[in-house]
Amino acid sequence: VKGSFGSASYPMAAESSSNSLRFESLCGVLELTVTGYETVSSINIKDKTSGSLCGQYSMDGGKLVPYGDIHYDNVTLNCMKSGGVKLSPSGEKFYIVLPARTYSDGLVITISIVSGRSMTIDSPTSRTITAGEVLCTPTIEFKVDPTQIYSYHFDNLTYGSDPVAEKQGF
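Every value quoted in this text rests on a predicted model; they were computed, and no experiment measured them.

## Things to note about the environment of Leu53
- Its location among the elements puts Leu53 in the loop between β4 (39-47) and β5 (54-60).
- For Leu53, a relative accessible area of 5% translates into the label buried.
- Leu53 sits 44 residues away from Val97 along the chain, and the two C-alpha atoms are 9.1 Å apart.
- Setting aside anything within four residues of it in sequence, one finds Leu53 in contact with Ile45, Lys46, Asp47, Tyr72, Asp73, Asn74, Val75, Leu98, Pro99, Arg101 and Tyr103.

Next comes the structure, spelled out in structure tokens:
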């Protein structure tokens, strides 16, 4: 649907021997509902088995297959293009596109806020992302360790930066 995901972030494929194409989803969507009062700058999802979540892929029989040297075991949703996403007590929904497969060891979810603090959730439960479907997780209440001053994640250091204007990211 127009405006729902960025360009090339929700791949689909079609094969046909005629001029009629029927596109099929290659990925699924992880839906996170987060409650709180902070402003989210990014959400990072990491595969605990270090499997590829993004990179170079080919298609084999309607499934994505990693190939080549460029692969990452994590993917980051950048919320700073809109100035961040303000949380509310009723919750805000975030949608992250992931390759369809079973994540047997679970996922690690890191939610960062504009102040530079973050919350990391180790989700050891096996999760299956099914192509063309949305997997909803239980609601997450955003909390940080009160002793945490600043969390250094790659996305915190780069988002908001503008090297031409000599403005550093937070």
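## Considering the pattern of salt bridges
- Inspection of every chain in the model, using the stated rule, returns five salt bridges.
- Of the charged contacts, one joins Glu24 and Arg22 as a salt bridge, the two residues approaching to 2.8 Å between their closest N and O atoms.
- By relative accessible area, Arg22 is classed as exposed at 65%.
- With a closest N to O distance of 2.7 Å, Asp122 and Lys48 form a salt bridge. With a gap of 74 residues between them, Asp122 in strand β12 (residues 118-123) and Lys48 in the loop between β4 and β5 connect regions that are remote in the sequence.
- For Lys48, a relative accessible area of 33% puts it in the partly exposed group.

## Some remarks on the side chain of Asn44
- As for its placement among the helices and strands, Asn44 is situated in strand β4.
- Exposure remark for Asn44: the relative accessible area of 15% places this residue in the buried category.
- At 2.7 Å, the side chain of Asn44 forms a polar contact with the side chain of Thr76.
- Leaving out residues up to four positions away in the same chain, Asn44 has contacts with Asn74, Val75, Thr76, Val108, Ile109 and Thr110.

## Describing the nonpolar core
- Core analysis: the biggest nonpolar cluster contains 22 residues, and Leu32, Val34, Ile43, Ile45, Phe94, Leu98 and Ile111 have the highest contact counts within it.
- Of all the elements in the fold, those that place two or more residues in this core are β3 (27-35), β4, β9 (92-99) and β11 (107-113).
- Top contributing element to this core by residue count: β11, with four residues.
- For Leu98, the contacting residues outside a window of four places in its chain are Cys27, Gly28, Leu30, Ile45, Leu53, Val75, Tyr103 and Ile129.

## What about unusual backbone geometry?
- With a phi angle near 65°, Ser50 is a residue other than glycine that sits in the positive phi range.
- Tracing the sequence through the fold places Ser50 in the loop between β4 and β5.

## Considerations on the environment of Tyr95
- Looking at the element boundaries, Tyr95 is found in strand β9.
- Through-space distance from the C-alpha of Tyr95 to that of Val29 is 6.3 Å; in sequence the pair is 66 residues apart.
- Of the polar contacts made by the side chain of Tyr95, one reaches the side chain of Glu31; its length is 3.3 Å.

## Overview of a nonpolar patch on the surface
- Side chains of Met12, Leu21 and Phe23 sit close together on the surface and give an oily, nonpolar patch of about 310 Å² of accessible area.
- Mapped onto the secondary structure, Met12 falls in strand β1 (residues 12-13).

Parameters at a glance
- Residues numbered from 1 in each chain as written.
- Predicted model: local features only at pLDDT ≥ 70, side-chain atom pairs only at ≥ 80, totals over all residues.
- Heavy atoms only, no water.
- Helix = DSSP H or I, 4+ residues; strand = E, 2+ residues; numbered from the N terminus.
- Buried < 20%, exposed > 50% of the residue type's maximum accessible area, 1.4 Å probe, protein only.
- Contact = heavy atoms within 4.5 Å.
- Salt bridge = Lys/Arg side-chain N within 4 Å of Asp/Glu carboxyl O.
- Polar contact = N/O pair within 3.5 Å; in protein donor to acceptor, adjacent residues only side chain to side chain.
- Core = buried A, V, L, I, M, F, W, Y, C linked by side-chain atoms within 4.5 Å.
- Patch = residues over 30% accessible without salt bridge, like charges linked within 9 Å, V, L, I, M, F, W, Y side chains within 5 Å.
- Areas by Shrake-Rupley, 256 points an atom, 1.4 Å probe, with all protein chains shown as cover.

By themselves, these figures tell us nothing about what the structure is for.
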